[in-house]
Each structure stands twice: as structure tokens, then as C-alpha cells.
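# Structural description and commentary
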Amino acid sequence: MLYRLSRSFLLSSFMLIALLACILSGCGSTGTGNNTSTSSTSSNLTNVSIAFGYIPDIQFSPFYVAQSKGYYRAAGLNVTFHHGFVTDLIGSMVVGHDTFVMASGDEVLVARNKNLPVVDVSTIYQRYPVSIIVPADSSIHTLADLKGHTIGEPGPFGATHVGLLALLYHAHLSLSDVHVQTIGFTQVTALLTHRVDAVVGYSNNEPLQLQKEGMVVRTFDVSDYQPLVSNGIITTENTLQSKPQVVKAFVQATLKGLRDVIANPQAAVQTSASYIPGMDQSKALSVLQATIPVWQGDGHVALGVNDSATWQSMTQFLVASQIIPQPADLSKAYTNQFVS
Amino acid sequence: MSVITKMKDEVMLEVIASEEREQTPSLRQQTRKSLMVSQRVLSIVPPLVLGIIILAAWYASTTYGHINGLILPTVGEVLSSLASNLANGLFFNSALITIQESLTGFLLAVLIALPVGYGIARFRLFAATFQPYLAAGQAIPAIVIAPVLYLILGYGTITITILCMLIVLFPMVITTALGFQTIDQTLIDAARVEGASGWPMLFHIEFPLALPAILAALRTGLTLSITGAIVGEFVTQGSTQGLGALILTSTEQYDKPLLFATLVILGVLAAVYYGASWLLVRLANAIY
């Protein structure tokens, strides 16, 4: 009896000691979140951070490559990446948690309308990557065919929602003409199980997943119907005015990384592996190869440049859809001074 | 009877009695041993059989059924994900983060819950003032508090730790208050007659008497703290580390084997916590 008691006593005491060891080993760390910046003791590097609003992913490989090849350090910057879902990315930057964020042009205009003084300093994605995805055998062949069907979207927020609105606007449909369901980030499962007739997703993500699961799909790409300014590097007017050299250094180094990734996607996948825990190499490569055309667009605009025509077309759509009122001065929302 | 006969009889009685003593303890021991064995068998075999049946059904449905791998991965895929991520340290690092968050949150909650529970039990004004806020605070879901905390505290596990603390706080306060409230008043009065009051009263009389309830509170808090840490990781902005964040990441990447493997690790961790909470009980038994 005494022998049995001491054995379970030992086991539970081992567990408690193990747990305590875990907590004590963490006391030394400051827990600053996923900090993948190069540890720098040099005091002449400026500390900056960028929030991506998403988990570590191959789509951020230009940044990973720029970090890994030392472009940021060479430009005098000590860059910290903040990953993870953040609902109000721009608000979080304005409060001071980040120097830059990665967000789309429509988010910039919505934020400026709320008196958050932010500026788009470089557009990385020249194509808006959002698409409506339908099974290849679906009865939906044109945008107008969407009428009366169910469409699954992650939620009434973000680029997918704006993309959906843009496509409906182009087809002269309103939200009440279709049945929109909030399905979170389960688009692939929802379409595979035919829970919905169509889903809204990213052209470099969900279609690839669906094809991997054996479903052939067709996509309606927003960029084919309604020009919208997609993801870019956003900062505050304050940062832009007080530290323009920092902004220029960050943009230039990132664009250098972007060019490297486009030139050699295989190497970019290798480099990014250390930034993305649990990355599947082949899957990352196929996503990257689908993303490069999104970054390049149709080529009439150089990498990283903010195209005024796209900004104006997007503003027209946002105003017509009553998402924002006409902005007082659109040209203040973006700049190309750091790109060349 | 003569003295010698009496002595002989007594010795004979002794011998017979000692023989009986030797026989019946061994019979008692045998019965006890067989009872222990059957209890052991009962605690291991039925759950094991059920586990095997579930695993077999899972294997059969994924191999012969038409269940898509995105809904339910195969047993083999989950096991291989489990093995490879244990080997490359992903689960260990993630579990370490979650354990740190949950234990820190739990300890913070203990530091607050014990005094607050005592205050609610002993001081009516204190109870009247703080109880509504405690109850309201518990009703507010973590997902609402999280963005506010993030705006104030920014990135880092501190936000998750605070959320974890908030989640385990209320049950611990209530149980602790109950523990102090249900102490036999006559014992308190007797101690007061003896001259005890204030801190000595608390440490030597009230605390040991309330200890069973306090231990129950601590055990509840410890077991709940892991849920608190996982919920915290789910709702906290910018969280990418820890087992909860790993669940989010694997869902986002459509990596269902990793998701299921993470759930297995979580289950093991919860069992470890439960085992550790038993130690608290034994410690208290040893001290008091």
C-alpha cells in the first residue's frame, strides 16, 4: 500500500516540477511575440516593425528574403515582423504598435475616412487577388448568374468582402440579390461539400487547395472586372514626415527582396522555411508561383508603384457603393516618392 | 488446577491464537490483493477497449469510407504529423509557451483570488462593492476583452496571460469565499476567546479550516488555466505561438493532420495538469 502511494506521488511530483521548470525557464524571456529580427547590439540601427495581420506565409517571402539577405540591416534598419490575426491592423499601427502594416488600398481609404492619417507608400500586389470561386461544372458562367445563389465569405470584413462587393457591383447586383453566408476561413471545405454554390477567396490560395483535393474550379477574378488597389506597405503620415529616410530604406529593401523572389522562387522558398514553422515546401512553391503574377500585374506598372488610375477607379467604386464618401484629397492617400 | 497446567493451557491458547493470527491476515491480504487487481483491471481494460474501438472506427471510415481528408484525416497521417513535429520541436516549443502563459495566469489569479475571496467572506462592504463587478467581468467573453487588452499592451504573451488570469479568476474567488464562509463559527469564537485575532487568526485558524475549499479552488483554477491560455491564444491579436495558435495556423493552412496531432498533445497536457493538481492536495495533506 505504501509502495503504491509513493509511486503515484513521485509521478505527480515529477509533473509539477516539470511544469514549474517550464514556467521558470520562461521568466528570462520578455515574451515580445514572434520576433524574427536579427539580434542587433549595434546602436546605429533604427528599430522598425511591420505587421502582416496573418500567420507566417510564403506570400511574405519578399520580406523574409530581404531580412535574410541583410538588405534591411544594410539600409540601417532592425526590422521586427509581427504575424498573427489582428482585426484592426491600421488602428493598431496608429496607436503605435507598429511602424508599418501590410494592408490594401481600400482599407487605407476607409481608415482615412475615419480620420486615421495613413499613407500607402508602396503597392506590392499589383492585382487584387480576391476571386469568386465556383466548381467547374457549376451553372454560374457569368457574374450575373450569381443571382439567387449562396456565396460563402470569411465575413463582412477585409479584402474578400470588398472584392465580393466589387464583383456584385460590376454585375449590377446587390447583396440582397444573393445569399451571402459567413463561413469563416472554411471556404475549401464549404465548396467541397457543396454547402454553398460559390466562395470568395484568394486566387493564390483556395483554388490551389481545391485542385489538390480533386475539385476543378473556375474563378471570377476581381482584377478582371474592377480595378482595386491591393496590398501594400502602409505607414502613418507622422512617420512619413518625421522619418522619410527610414520609410525609403524599408521600401527599397523590400522591393529588392521582391525582385529576388521573382527572379528565383525556389531559393525564396528555401529562405522562407526558417520563418514559417511547419511549411510544406512543394505547397509553398506552388502558392508562390501563383502569387508572382499577382505581384507583377499586367506589367504596365513597375513593381511597388502606386497607380493613380487604379486608385481613382477604386475610389469611384467605393463611393458608388457608399462604403466611403468622396475623399477630400485622394492624392494624399498614396505616394511614389520612396519607390524609385 | 495446578499452576503448571494453567501455564501449559495459556501457552497452548497462545499457540492456537498465534496460528489463527497468521492464517486470517494472509486471507485478508489475499482478498485485498485480488480487489486491488480487479480495480486496476477495471480502470485500465474498459477504457483501453473503447479507445481501440474508436481508433478502429476512425481507421475504417477514413480508409474505406468516402470521408474527405479535410474533414477527417487518416490515423496514419495524424501519427506521422505527431512524430515529425515532436522530432522537430514544434510541439515542445508551442507547449512551453502555452504552459508558461497558463501557469503565470494561474499564479496571478491565485494572488488575487485568495485575498479577494477572504475579503468577500469576511467584510460585507467589500463583498457588496466588488461582487457585481466580478460577476459582470466573468460574463464578458474573452473575445471582447482581447482587442482592448491588445491596444493597451501590444504584442506578446502578456495579453494572453492576463486573459487566462481573467478566465480562471471568478471560479477561484467564489470557491475561496465559500470556503471561508462555511467555517464552523464556533471554532472561530473559541479561538477568539483564546485571544486570536487578525493575522494569527487567519494563518492558524481560518486558512487551515478553509483549506479543502481553497484546494478545490486551486485545482479548478489549474485545470481551467490551460483552457484559458488556449482561448487567450485564439482571441488575442497577433498571437502566433503556443498550442492554441498552432490550432489556428493548422486550420488556416488546411493541415488537418497537424490539427488533430495538436489536439492529442493538448489532451496529454491537460492530463499532466490534472496529475499535478493532485500533488497540491497531497502537499496540503502533508502540511496540515
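Before going into details, it helps to say that this report is about the structure given with it. Owing to the predicted nature of the structure, the values given are computational and were not obtained by experimental measurement.

### Remarks on the overall build of chain A
- Of regular secondary structure, chain A possesses 14 helices and ten strands.
- Looking at the 340 residues of chain A, the share that counts as buried comes to 46%.
- Considering only residue pairs separated by 6 or more positions, chain A has 81% of its internal contacts joining residues 24 or more positions apart.

### Considering the interface of chain B and chain A
- With 32 residues of chain B in contact, the opposing surface of chain A contributes 33 residues.
- Elements represented by at least two residues in the side of chain B that touches chain A include exactly α3 (90-122), α5 (142-153), α6 (157-181), α9 (243-252) and α10 (256-287) of chain B.
- Ranked by the residues each element gives to the side of chain B that touches chain A, the list is headed by α10(B), at seven residues.
- Each residue belonging to the side of chain B that touches chain A can be placed in one class, and the counts come to 16 nonpolar, 14 polar and two charged.

### A closer look at the sheet that holds strand β9 (residues 217-221) of chain A
Residue and element names in this part refer to chain A.
- Taken together, the five strands give an open sheet; going across it, the order is β7-β6-β8-β5-β9, and neighbouring strands pair in mixed fashion. Each having just a single partner strand, β7 (179-182) and β9 make up the two edges of the open sheet. Looking at each pair of strands side by side, their axes are set apart by 30 degrees on average, direction ignored.
- Sheet analysis places strand β6 (residues 150-153) next to β7, joined by four bridges and oriented parallel. Within β7, the position partnered with Gly152 by the bridge is Gln181.
- Along the sheet face, helix α6 (residues 158-170) touches β5 (130-135), β6, β8 (198-202) and β9 and points at about 75 degrees away from the line of β5.

### Quick word on the nonpolar core
- Grouped together as the largest cluster of nonpolar side chains are 90 residues, with contacts concentrated most on Ile90(A), Val101(A), Ile132(A), Ile151(A), Ile234(A) and Phe250(A).
- At nine residues, helix α11 (residues 244-263) of chain A tops the list of elements feeding residues into this core.
- Non-local contacts of Ile151(A), meaning those with residues more than four positions away in its chain, are made with Ile132(A), Leu146(A), Leu164(A), Val178(A), His179(A), Val180(A), Val196(A), Asp197(A), Ala198(A), Val199(A) and Val200(A).
- Formed by 54 residues, the second largest nonpolar core is a distinct cluster that contains Ala109(B), Ala113(B), Ala210(B) and Leu266(B).

Rules and cut-offs
- Residues numbered from 1 in each chain as written.
- Chains lettered and ligands numbered in written order.
- Predicted model: local features only at pLDDT ≥ 70, side-chain atom pairs only at ≥ 80, totals over all residues.
- Helix = DSSP H or I, 4+ residues; strand = E, 2+ residues; numbered from the N terminus.
- Buried ≥ 20, exposed ≤ 12 C-beta atoms within 10 Å, placed from the backbone.
- Contact = placed C-beta atoms within 7 Å.
- Nonpolar A, V, L, I, M, F, W, Y, C, P; charged D, E, K, R; others polar.
- Pairing = 2+ DSSP bridges.
- Axes fitted to C-alpha atoms, helices over the stretch in contact; angles between N-to-C directions.
- Core = buried A, V, L, I, M, F, W, Y, C linked by C-beta atoms within 7 Å.

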